[in-house]
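# Survey of secondary and tertiary structure
As a plain string of letters, each chain reads:
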Amino acid sequence: MLGWTVLNALQAFTLGLHSDEAYYWLYSRLLDWGYYDHPPMVAIFIRIGYAVFKNEFGLRMVTVISSTLAIRLLWLTLRDYKVDARQFILVVGGMFIFHIYGFITTPDAPLFFFTVLFYYLYQQYLKTDKWLLATLIGLTIACLLYSKYHAVLLITFTIAANIKLLKRKSFWLIPVLATVLFIPHIYWQVSHGYPSVNYHLFERSSEVYDFAHTYQFIPGQLLMAGPLIGWIVFYYAFKVRIKDAFIRTLVVNAAATFIFFLINTLKGNVQPHWTLIAFAPLSMLALIYFGQGFKPPGWFNKVAIANILLIILLRIALIFGIPAVAQLRPFKSFFGYRQWAGQIKQRAGNSYVIFGSGFQDPSKYSFYTQSLKGFAYDNRYYRRTQFDIWPLEDSLQHQRALYILSETDSASTNQIMHTVKGSFYTTWVNDIRTYQRINIQSDKYKVTASTGQPLIFNLTLTNPYPYAINFSDTGQTQKALMGACFIQNDSLVLALRAPANFNKIKLQPSETIHYTFALNAPKQKGKYDLIFSIRTTPFPGGRNSRIINFTVQ
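Described below are features of the structure shown in this document. (Residues numbered from 1 in each chain as written. Predicted model: local features only at pLDDT ≥ 70, side-chain atom pairs only at ≥ 80, totals over all residues. Heavy atoms only, no water.)

Within the protein chain, the secondary structure is distributed over 21 helices and 15 strands. For 553 residues, the compact-globule formula gives about 24 Å, and the C-alpha radius of gyration of the protein chain, at 26 Å, lands near that figure. Seen along its three principal axes, the alpha-carbon backbone of the protein chain occupies a region of about 80 × 50 × 45 Å. Residue burial in the protein chain is summarised as follows: out of 553 residues, 56% are buried. (Helix = DSSP H or I, 4+ residues; strand = E, 2+ residues; numbered from the N terminus. Rg over C-alpha atoms; globule rule 2.2 N^0.38 Å. Buried < 20%, exposed > 50% of the residue type's maximum accessible area, 1.4 Å probe, protein only.)

Next up on the list: the environment of Phe486. With respect to the helices, strands and loops of the structure, Phe486 is situated in strand β10 (residues 480-488). Look at Phe486 and you get buried, because its relative accessible area is 0%. Along the chain, Phe486 and Phe550 lie 64 residues apart, while their C-alpha atoms are 8.4 Å from each other. Discounting residues that sit within four places of it in the chain, Phe486 has contacts with Ser491, Leu492, Val493, Leu494, Leu496, Leu519, Pro522, Tyr528, Asp529, Leu530 and Phe550. (Contact = heavy atoms within 4.5 Å.)

What follows is about the pairing of strand β6 (residues 439-442). What you see with β6 is a clean split: Ile440 and Ser442 sit on the buried side and Asn439 and Gln441 on the side with no burial. Inspection of the sheet shows β6 paired to strand β8 (residues 454-462) by four bridges, in the antiparallel sense. When the sheet's bridge partners are listed, Asn439 is paired in β8 with Thr462. (Pairing = 2+ DSSP bridges.)

Moving on, we get to the pattern of salt bridges. Under the criterion given, the structure shown has eight salt bridges. Notably, a salt bridge pairs Glu21 with Arg60, separated by 2.7 Å at the nearest N-O pair. Separated by 39 residues along the polypeptide, Glu21 in helix α2 (residues 19-29) and Arg60 in helix α4 (residues 56-77) bring together distant segments of the chain. According to the relative accessible area criterion, Glu21 is buried, its value standing at 0%. Arg338 is paired through a salt bridge with Glu56; the nearest N and O atoms lie 3.0 Å apart. Separated by 282 residues along the polypeptide, Arg338 in helix α19 (residues 337-348) and Glu56 in helix α4 bring together distant segments of the chain. What makes Glu56 buried here is its relative accessible area of 9%. (Salt bridge = Lys/Arg side-chain N within 4 Å of Asp/Glu carboxyl O.)

Applying the stated criterion across every chain, the model contains 54 aromatic pairs. Ring geometry for Phe260 versus Phe261: centroids 5.1 Å apart, planes at 90°, classification edge-to-face. Phe261 sits in the buried class, given a relative accessible area of 4%. On the basis of an interplanar angle of 35° and a centroid distance of 5.9 Å, the ring pair of Trp340 and Phe355 is categorised as tilted. Here Phe355 lies in strand β1 (residues 352-355) and Trp340 lies in helix α19, a separation of 15 residues in the sequence. Here Phe355 falls in the buried class, since its relative accessible area comes to 3%. Of the aromatic side chains, those joined through ring pairs into one cluster are Tyr23, Tyr24, Tyr27, Tyr35, Phe359, Phe375, Phe387 and Trp390. In this arrangement the basic side chain of Lys364 is found over the ring face of Tyr337, its NZ or CZ atom lying 3.7 Å from the centre. In this structure, Lys444 packs its charged tip against the face of Phe457, placed 4.7 Å from the ring centre. (Phe/Tyr/Trp six-rings, centres within 6.5 Å; stacked < 30°, edge-to-face > 60°. Lys NZ or Arg CZ within 6 Å of the ring centre and 35° of its normal.)

Residues Phe98, Phe279 and Leu282 are the most contacted members of the largest nonpolar core, which totals 101 residues. Top element by residues in this core is helix α16 (residues 276-291). It accounts for 13 residues. Setting aside anything within four residues of it in sequence, one finds Leu282 in contact with Met95, Ala225, Val233, Phe234, Ala237, Phe238, Ala254 and Phe258. Membership of the second largest hydrophobic core comes to 43 residues, among which are Tyr24, Tyr368, Phe375 and Ile432. (Core = buried A, V, L, I, M, F, W, Y, C linked by side-chain atoms within 4.5 Å.)

Glancing now at the sheet that holds β8. Ordered in space as β6-β8-β13, the three strands form an open sheet in which the pairing is antiparallel. At either margin of the open sheet sits one strand with a lone partner, and together these are β6 and β13 (512-520). Neighbour-to-neighbour, the strand axes of this sheet turn through a mean angle of 30°, independent of strand direction. Note: β8 against β13, nine bridges, orientation antiparallel. Bridged to Leu459 within β13 is Tyr515. (Axes fitted to C-alpha atoms, helices over the stretch in contact; angles between N-to-C directions.)

Another point: the sheet that holds strand β2 (residues 374-376). Ordered by their spatial adjacency, five strands build an open sheet running β2-β1-β3-β5-β4, and the pairing between neighbours is mixed. Pairing within the sheet leaves two strands with one partner each, and these edge strands are β2 and β4 (415-419). The sheet shows a mean angle of 35° between the axes of neighbouring strands, taken without regard to direction. α19 contacts β1, β3 (401-405), β4 and β5 (422-429) of the sheet and is inclined by roughly 145° relative to β4. Sitting on the sheet, helix α20 (residues 360-368) is in contact with β1, β2 and β5, with an inclination near 165° to β2.

With that out of the way, let us pick up the environment of Asn430. Within the fold, Asn430 resides in the loop between β5 and β6. Sequence separation between Asn430 and Tyr445 is 15 residues; the distance between their C-alpha atoms is 36 Å. Residues in contact with Asn430, not counting those within four places in the same chain, are Gln399, Arg400 and Gln478.

Among all positions of helix α5 (residues 85-92), only Gln87, Phe88, Leu90, Val91 and Val92 are buried. Check the buried side of α5 and you find it contacts α4, α6 (96-100), α16 and α17 (298-319). You can read the cap of α5 off the contacts: a side-chain oxygen lies 3.0 Å from the backbone nitrogen of Arg86, and it is on Asp84. (Polar contact = N/O pair within 3.5 Å; in protein donor to acceptor, adjacent residues only side chain to side chain.)

This part is about unusual backbone geometry. Cis geometry is found at the peptide bond from Thr537 to Pro538, where omega equals 5°. With respect to the secondary-structure elements, Pro538 resides in the loop between β14 (526-536) and β15 (548-552). Of note, Lys82 is a non-glycine position whose phi angle comes to about 55°, a positive value. If you trace the backbone, Lys82 turns up in the loop between α4 and α5. One non-glycine residue, Tyr194, lies in positive phi territory at about 55°. By the element assignment, Tyr194 lies in the loop between α10 (173-191) and α11 (195-203).

Dropping the structure here:
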């Protein structure tokens, strides 16, 4: 346990931030009951640690501590199954995914801790029906839900594995308490138009199946379980004999979670770490199988030791920043960004910096300049992010800002800026005018039409800003227009401009109006993503609406 803690602490102190971590650091600077992508627990983890140490280690401090506590709880949970300490070290210490979230602070870090805590308390609750245990489980489930929405799977599969729980009077305290505690986040979702629901259920789904998503899923899971022992851990885990309700719960949760995400590869890409909640039960099942009398072959221990050494050598290489490892694609984002941010700040000074697309670079710029001066422009080819909810855009209006692009834009004059992270194109934009947070809703989100077919979309435009807006170009430096953008493979295929009456629209704060947009379907058959976008020069246009799945046949 000491070795685990020291290694994670060293990693947390020496390694630069992952892009997502910087994004969640912004969460912690702007605390709320919810965010576009995730619930707020990760922001709490970061806020606590960063209050103590204002650097990368502080951002990760609570994760390092909670990871150690989680490993300890795993060991305590397995006490009843005669698990050998050496085998515990070889299996749990060899789980690559546990190493990743031993220091990296994303929503998966609190999710892992509260998952293990849940299993520890649930095991006690199966033995003894106590109201105190039910209360603690209710609190833990609330924390799980505030960590990541994947917690719903853990809750559902646990109940499915032991329906008899419903007969316990104390059981009903658990969902009631968890729901009451989760109401603030539910209210946040409702008041913001269900952004997380729309994103996770609709925006991330792909209309076209890609077989690569399915066949890459299995090796990804084996890697997460351990680069050398993952395959045998899966084998041993599902050979366990189910002798009690707790083991049955572990089997159902592990198997059902992996199957659930395997099925999800039919709708789009599934990241290997999304199954994190399955690896706690997987590791426990393999160890319980050993405790049931199975003695692993001699080669297993040797391979397991080599597996741990391989992971530790990789982590040490990252601690020392060995170029051969640091320049590998999965690790490049951890290095060089402090210097990169300093180089940009030399040109930008104290002005805001607008990045062309993606939340990663503006988040890192803000972290490494200790400011909130980095802003993500909601490019219509990307996706919405928390930057579309935060009021940061309000501060930009009518200011002068440095606009940074990864490729040249013929519509504006670009100056090349060379940095340690590559070359960028920069443009100074005077009198910023953007409408990134304007929400456009359509009366339909799935359309099938013939080539060139005339269509009418009944739209609603809502002003979320605390001030009145109008789209008139009178007296404005930057022109505003609205378009219907047909996109294929992240490239604009066709853009249809709204008529001149768009520029007559005026909206008071929180006001919603109806707007009719007439257009003709593309002349080329195929599947398109249709986005309604408002753009102001020199920006390419934001993603103001959800994707409309548009098929021309």
